[in-house]
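Chain by chain, the residues:
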Amino acid sequence: KPYFLLDFSAVNICGTYALRAGGYTSDDFPVMTREAFDTALAEKLLTFISAERCGCDVPGHHPPCHADIVAEHNGVIKSYCGGWHDAGDLSQQTLQSAETAIALSHAIERAPSIRDRLQAESRWGMDFVLSMRFGDGYRATSAGITRWTDGIIGTMDDCYARVHNHAFENYLFSAIEAQAALDETDADRRDALMN
């Protein structure tokens, strides 16, 4: 079938439009500013990302989860939950949560009308990233499980998160935490990111 390439670069007035070609007319569609598009897209992405929060109740999606995935180093045991897990809700990677958090922070510039939501979600992720540091270069980095667990530490279904001290991962975490500190408006959070 033939197809056509249409150039709409001359359309620069916001409004509702329809396409007419031959005997066909499209449904109405909006033409908006770039910020309006970015805001609508950011709101949809935030709704999805919020549903993937790990370790808390997400009404309509899942109860608190993964509190019995633990990371252990030098006698310190941490519950490996927070940030966001994958779409299947059974994996979690600290670095992916860090990358997501900084991307959300940067999205504030493109969608300032939802600044508070973007900032809150970004902080959720960075709080998890910071909580996975053991203070000596080691971090809890990831966990992949194949089952839902009971959420209680000390029962037979506990799982262990991986703990590493890898130079490249630490470099990436440091860069993300430094950028997050520059973006952060709360002094206490900024200090935590810089230390």
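Here we summarise the structure given alongside this text. Model, not experiment: these values are computed from the prediction.

1. What to know about the sheet that holds strand E5 (residues 69–73)
- Spatially, the three strands line up as an open sheet ordered E6-E5-E9, and their pairing is mixed. One side of each edge strand has no neighbouring strand; the edge strands of this open sheet are strand E6 (76–79) and strand E9 (159–160).
- Of the strand pairs in this sheet, E5 and E6 are connected by four bridges, and their pairing is antiparallel. Across the sheet, the residue bridging to His73 is Val76, located in E6.

2. Quick word on the pairing of strand E8 (residues 139–144)
- Most of E8 sits out of view: five of its six residues are buried.
- Across three bridges, strand E7 (residues 91–93) lies against E8 in antiparallel orientation. Residue pairing for E8: Gln92 is matched across the bridge by Ala143.
- By the bridge criterion, three bridges tie E8 to strand E10 (residues 162–164) in an arrangement that is antiparallel. Directly across from Arg139, in E10, lies its bridge partner His164.

3. Examining the environment of Cys81
- Structurally, Cys81 is set in the loop between E6 and E7.
- Sequence separation between Cys81 and Leu6 is 75 residues; the distance between their C-alpha atoms is 49 Å.
- Sequence-distant contacts of Cys81, that is, excluding residues within four places in its chain, are made with Cys54, Gly55, Cys65, His66, Ala67 and Phe128.

4. Looking at unusual backbone geometry
- Of note in this structure, His66 is not a glycine but carries a positive phi near 65 degrees.
- Mapped onto the elements, His66 comes out in the loop between helix H1 (34–51) and E5.

5. Remarks on a nonpolar patch on the surface
- Together, Phe4, Leu6, Phe8, Val11 and Leu19 give the surface a local cluster of nonpolar side chains, amounting to about 510 Å² of exposed area.
- Here Phe4 is to be found in the segment before strand E1 (15–17).
- Classification of Phe4 as exposed rests on a relative accessible area of 72%.

6. Structural notes on the packing of aromatic side chains
- Scanning all chains against the criterion turns up one aromatic pair.
- On the basis of an interplanar angle of 65 degrees and a centroid distance of 5.3 Å, the ring pair of Tyr80 and Phe128 is categorised as edge-to-face. Residue Tyr80 is found in the loop between E6 and E7, and its partner Phe128 is found in helix H3 (residues 115–131); the two are separated by 48 residues along the sequence. We note that Tyr80, like Phe128, is buried.
- The ring of Trp124 is capped by Arg53, whose NZ or CZ atom sits 4.4 Å from the centre of that ring.
- Over the ring of Phe134 we find Lys78; its NZ or CZ atom is 5.0 Å from the centre of that ring.

7. Considering the sheet that holds E7
- If you trace the three strands from one edge of the open sheet to the other, you get E7-E8-E10, paired in antiparallel fashion. The outermost strands of the open sheet, each flanked by one partner alone, are E7 and E10. On average, each strand axis in the sheet is inclined to that of its neighbour by 25 degrees, with strand direction left out of account.
- Along the sheet, helix H2 (residues 94–107) contacts E7 and E8; its crossing angle with E7, the most-contacted strand, is approximately 65 degrees.

Parameters and conventions
Residues numbered from 1 in each chain as written. Predicted model: local features only at pLDDT ≥ 70, side-chain atom pairs only at ≥ 80, totals over all residues. Heavy atoms only, no water. Pairing = 2+ DSSP bridges. Helix = DSSP H or I, 4+ residues; strand = E, 2+ residues; numbered from the N terminus. Buried < 20%, exposed > 50% of the residue type's maximum accessible area, 1.4 Å probe, protein only. Contact = heavy atoms within 4.5 Å. Patch = residues over 30% accessible without salt bridge, like charges linked within 9 Å, V, L, I, M, F, W, Y side chains within 5 Å. Areas by Shrake-Rupley, 256 points an atom, 1.4 Å probe, with all protein chains shown as cover. Salt bridge = Lys/Arg side-chain N within 4 Å of Asp/Glu carboxyl O. Phe/Tyr/Trp six-rings, centres within 6.5 Å; stacked < 30°, edge-to-face > 60°. Lys NZ or Arg CZ within 6 Å of the ring centre and 35° of its normal. Axes fitted to C-alpha atoms, helices over the stretch in contact; angles between N-to-C directions.

In short, the description is geometric, and any link to function would need to be established separately.
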